[in-house]
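Read off the chains here:
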Amino acid sequence: MSRTCTKCKNDIPDTEQLGPVAEKYPTCNKCWAEWKEYQIMVMNEMKLDMSMPDHRKLLKKHEKIFVGVMSPEGEVIDYTNEDNRKPDEPTGA
């Protein structure tokens, strides 16, 4: 079964083991590593406290936006439809 990364749109080899969260979207290990670095910047910039449920929820939202399964407006993107995965084009164009 062929998998495509929701972030970079590259094929993910079947032999590549993904983490449990990265498997949900799916996101390749390279893009997931980028998110791991980026999430630290998000937490620091927004002064998020991971002991607070609202802050964890906000970080999860940014995670979904980063990997491309949610728009910044909060709309869930059906990433299986290729027409919905054009991040360089503004919506409604």
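Notes on the structure follow. As the structure is a computational prediction, the values presented were derived from the model and not from experiment.

What counts and how
- Residues numbered from 1 in each chain as written.
- Predicted model: local features only at pLDDT ≥ 70, side-chain atom pairs only at ≥ 80, totals over all residues.
- Heavy atoms only, no water.
- Helix = DSSP H or I, 4+ residues; strand = E, 2+ residues; numbered from the N terminus.
- Buried < 20%, exposed > 50% of the residue type's maximum accessible area, 1.4 Å probe, protein only.
- Contact = heavy atoms within 4.5 Å.
- Areas by Shrake-Rupley, 256 points an atom, 1.4 Å probe, with all protein chains shown as cover.
- Expected span 1.5 Å × (residues − 1).
- Core = buried A, V, L, I, M, F, W, Y, C linked by side-chain atoms within 4.5 Å.
- Salt bridge = Lys/Arg side-chain N within 4 Å of Asp/Glu carboxyl O.

## Notes on the overall build of the protein chain
Alright, step 1. Check the secondary structure of the protein chain and you find three helices and two strands.
Alright, step 2. Along the chain direction, N to C, the helices and strands of the protein chain fall in the order β-β-α-α-α.
Alright, step 3. Across the 93 residues that make up the protein chain, the buried fraction comes to 28%.
Alright, step 4. Within the protein chain, counting contacts between residues at least 6 apart in sequence, those at least 24 apart form 31% of the total.
Alright, step 5. On the protein chain, roughly 6,600 Å² of surface is accessible, and the fraction owed to carbon and sulfur atoms is 53%.

## Considering helix α2 (residues 29-45)
Along an α-helix, residues three or four positions apart point the same way, because every turn accommodates 3.6 residues.
Alright, step 1. End to end, α2 covers 24 Å across 17 residues, agreeing with the expected 24 Å (1.5 Å per residue, within 8%).
Alright, step 2. Considered for burial, the residues of α2 that qualify are C31, W32, W35, Q39, V42 and M43.
Alright, step 3. K47, located one to two residues past α2, shows a positive phi value of around 55°.

## Details of the nonpolar core
Alright, step 1. Counting residues in hydrophobic clusters, the biggest one holds ten residues: Y25, W32, W35, V42, M43, L48, L59, F66, V67 and V69.
Alright, step 2. Taken together, the elements giving at least two residues each to this core come down to α2 and α3 (53-67).
Alright, step 3. The element best represented in this core is α2, accounting for four residues.
Alright, step 4. Among residues more than four places away in sequence, those in contact with V42 are L48, L59 and H62.
Alright, step 5. Among the nonpolar cores identified, the runner-up in size contains five residues, and C5, L18, C28 and C31 belong to it.

## Quick word on unusual backbone geometry
Alright, step 1. A positive phi angle is found at K9, which is not glycine, with a value near 70°.
Alright, step 2. Relative to the helices and strands, K9 is located in the loop between β1 (3-4) and β2 (11-12).
Alright, step 3. A positive phi is found at K47, a non-glycine position, where the angle reads about 55°.
Alright, step 4. Note that K47 resides in the loop between α2 and α3.

## Examining the pattern of salt bridges
Alright, step 1. Evaluated as defined, the whole model comprises two salt bridges.
Alright, step 2. Residue E34 pairs with K30 through a salt bridge whose shortest N-O separation is 3.9 Å. Of the two residues, E34 and K30 both sit in helix α2, four residues apart, roughly one turn of that helix.
Alright, step 3. Accessibility expressed as a relative area gives 34% for E34, which makes it partly exposed.
Alright, step 4. Judged by its relative accessible area of 62%, K30 is exposed.

This is a description of form; function is not addressed.
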